[in-house]
Amino acid sequence: GESVGLHLPTLSVQEGDNSIINCAYSNSASDYFIWYKQESGKGPQFIIDIRSNMDKRQGQRVTVLLNKTVKHLSLQIAATQPGDSAVYFCAERERAAGNKLTFGGGTRVLVKP
Amino acid sequence: EAGVAQSPRYKIIEKRQSVAFWCNPISGHATLYWYQQILGQGPKLLIQFQNNGVVDDSQLPKDRFSAERLKGVDSTLKIQPAKLEDSAVYLCASSLPGTGGTEAFFGQGTRLTVV
């Protein structure tokens, strides 16, 4: 079946450095790929999405890159701050399946002061 | 704008008992999702509604789990009877349908512990 997975379970980064979180996906029918942030005790929170016909999208301090050739998605966080410490999930939405939203396994980001 | 409301926040039950969770989505959001999140894992979709119709329930253990969304607004998720492996956080999310943005808004979840 379709799956969305991540390579690194935990990422430690120095405050002020850039963070890169990676994700592999398998469902070529997805029309959007999305990154969510989940802090302890809270539900996931939308960060940024990218349409399947795009390669790159930038937000505030975040950039998402999509490589459809190798089915790879990444989230770059610039100048990582202590408030960025959380678990990050990639997800994919398949419009043809009624906007089914499927999540991967998550990467924990720990920001060191 | 009010967010997605879920209750209860925590629940502890014994195995073989039943439990129900409630979700009130954001007003106007036609799409409602229920996810199960086991500790250390990503959310797993259990069921997805579009208004009061089921879009996807392929991963819902139908022998023990049931969900409904009467009138296309609030939703309840029930487990009967509960098993130890049902211990997880149950997340409800809602979103606008259509081809627009993908942002799904999540509630804080209900943490279920089955003992």
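Numbering of residues starts from 1 in every chain and runs along the sequence as written. Key to labels: chains lettered from A, ligands numbered from 1, both in the order written. Reporting in this predicted model follows two pLDDT cut-offs: at least 70 for local features of residues, and 80 or more for side-chain atom pairs to be given and counted; totals over whole chains, interfaces and linings ignore these cut-offs and use all residues. Heavy atoms from the whole structure form the basis of all side-chain values; hydrogens and water molecules are not counted.

Asks: Please set out the overall build of chain A residue by residue, giving values where relevant.
Replies: Secondary structure elements are taken from DSSP: a helix is a run of H or I of four residues or more, a strand is a run of E of two residues or more, and numbering for both begins at the N terminus. Scanning chain A from N- to C-terminus turns up zero helices and eleven strands. In chain A, the succession of helices and strands from N to C terminus is β-β-β-β-β-β-β-β-β-β-β. Values of the radius of gyration come from C-alpha atoms, whereas the globule rule sets the reference at 2.2 Å times the count of residues to the power 0.38. Its C-alpha atoms give chain A a radius of gyration of 13 Å, within 12% of the compact-globule value 13 Å for 113 residues. A buried classification covers 46% of the 113 residues belonging to chain A. In chain A, the share of contacts with a sequence separation of at least 24, taken over all contacts with a separation of at least 6, comes to 53%. For chain A, the accessible surface area stands at approximately 5,400 Å², while carbon and sulfur atoms represent 46% of it. Only four residue types enter the tally: Lys and Arg on the positive side, Asp and Glu on the negative side; His and the chain ends are excluded. We put the charge of a Lys on NZ, of an Arg on CZ, of an Asp on CG and of a Glu on CD. For chain A, the separation between the mean place of its 13 positive charges and that of its 10 negative charges on side chains is 2 Å. For the exposure calls, accessible area comes from a 1.4 Å probe over protein chains only, and a residue counts as buried if that area is under 20% of its type's maximum, exposed if over 50%, partly exposed in between. We call two residues contacting when some pair of their heavy atoms lies within 4.5 Å. A 1.4 Å probe and the Shrake-Rupley method give the accessible areas. Residues count as covered only by the protein chains that appear here.

Asks: Run through the nonpolar core, naming residues and quoting values.
Replies: Put simply, buried Ala, Val, Leu, Ile, Met, Phe, Trp, Tyr and Cys residues joined by side-chain atoms within 4.5 Å make one nonpolar core. Grouped together as the largest cluster of nonpolar side chains are 21 residues, with contacts concentrated most on B:Phe21, B:Trp34, B:Leu77, B:Ile79, B:Tyr90 and B:Leu112. Counting only elements with at least two residues in this core, the list comes to β3 (19-24), β4 (31-37), β5 (44-50), β8 (75-79), β9 (88-95) and β11 (110-114) of chain B. Other than its neighbours up to four places away in sequence, B:Phe21 contacts B:Ser7, B:Pro8, B:Trp34, B:Ser75, B:Thr76, B:Leu77, B:Ile79, B:Tyr90, B:Thr110 and B:Leu112. A:Ile21, A:Cys23, A:Leu73 and A:Leu75 belong to the second-largest nonpolar core, a separate cluster that totals 20 residues.

Asks: Pulling in residues and values, what's your account of unusual backbone geometry?
Replies: Residue and element names in this part refer to chain B. A cis amide bond links serine 7 with the next residue in sequence, proline 8, at an omega value of -5°. At asparagine 51, a residue that is not glycine, the phi angle is positive and equals roughly 55°. Turning to its location among the elements, asparagine 51 is positioned in the loop between β5 and β6 (53-56). You can call asparagine 51 partly exposed: its relative accessible area is 40%. For lysine 71, which is not glycine, the phi dihedral falls at a positive 65°. Relative to the elements of secondary structure, lysine 71 occurs in the loop between β7 (65-68) and β8. In this structure lysine 71 comes out as exposed when scored by relative accessible area, which is 79%.

Asks: Account for the sheet that holds strand β1 (residues 5-7) of chain B, with residues named and values stated.
Replies: Each strand in a sheet pairs with its neighbour through backbone hydrogen bonds, running either in the same direction (parallel) or in the opposite one (antiparallel). Residues and elements named next belong to chain B. Between any two strands, at least two bridges found by DSSP are needed for them to pair. Pairing in this open sheet of four strands is antiparallel, and the strands run β1-β3-β8-β7 from one edge to the other. Looking at the sheet topology across the chains shown, the edges are occupied by β1 and β7. Taken over all neighbouring pairs, the strand axes of this sheet differ in orientation by 15° on average, direction set aside. As a rule, the C-alpha atoms of each element are fitted with a line to give its axis, helices using only the stretch in contact, and angles between N-to-C directions run from 0 to 180 degrees.

Asks: Before we move on, could you go through the side chain of A:Lys37 and cite the residues and values that matter?
Replies: Residue and element names in this part refer to chain A. In this structure, lysine 37 sits in strand β4 (residues 32-38). Comment: no salt bridge for buried lysine 37; closest opposite-charge side chain is glutamate 39, at 4.2 Å. Any pair of N or O atoms that falls within 3.5 Å is considered a polar contact. Within protein, one atom must be able to donate a hydrogen and the other to accept it, and sequence-neighbouring residues count only if both atoms are side-chain atoms. Of the polar contacts made by the side chain of lysine 37, one reaches the backbone oxygen of glycine 83; its length is 2.7 Å. The residues contacting lysine 37, other than those within four sequence positions of it, are Gly43, Pro44, Gln45, Ile47, Gly83, Asp84, Ala86, Val87 and Tyr88. Here a salt bridge means any side-chain nitrogen of Lys or Arg lying within 4 Å of a carboxyl oxygen belonging to Asp or Glu.

Asks: Can you break down the interface of chain B and chain A residue by residue, with the values?
Replies: In this assembly, 25 residues from chain B lie in contact with 21 residues from chain A. Note on definitions: buried area is the accessible-area loss of two parts on being combined, 1.4 Å probe, summed for both. Interface area for chain B against chain A, summed over the two sides, is near 1,700 Å², with a carbon-plus-sulfur share of 48%. Seen at the junction of chain B and chain A, the total is one salt bridge. Two residues, B:Asp56 and A:Lys100, come together in a salt bridge whose shortest N-O distance is 3.5 Å. Across the chain B-chain A interface, the total number found is six residue pairs in polar contact (both at pLDDT 80 or more). Looking at the side of chain B that touches chain A, the elements that each hand over two or more residues are β4, β5 and β6 of chain B. Ranked by residue count, the leading element in the side of chain B that touches chain A is β4(B), at three residues. Per-class residue counts for the side of chain B that touches chain A are nine nonpolar, 13 polar and three charged. Here the nonpolar group is Ala, Val, Leu, Ile, Met, Phe, Trp, Tyr, Cys and Pro; Asp, Glu, Lys and Arg are the charged ones; every other residue, Gly included, is treated as polar.

Asks: Provide a residue-level description of the pairing of strand β3 (residues 19-25) of chain A, including the pertinent values.
Replies: On any regular strand, side chains alternate: one points to one face of the sheet, the next to the other face. Residue and element names in this part refer to chain A. Burial along β3 is one-sided: the face carrying Ser19, Ile21, Cys23 and Tyr25 is buried and the face carrying Ile20, Asn22 and Ala24 is not. Two strands pair when backbone bridges link them, and β3 and strand β8 (residues 72-77) are joined in this way by six bridges, in the antiparallel orientation. Bridge pairing in β8 links cysteine 23 to leucine 73.

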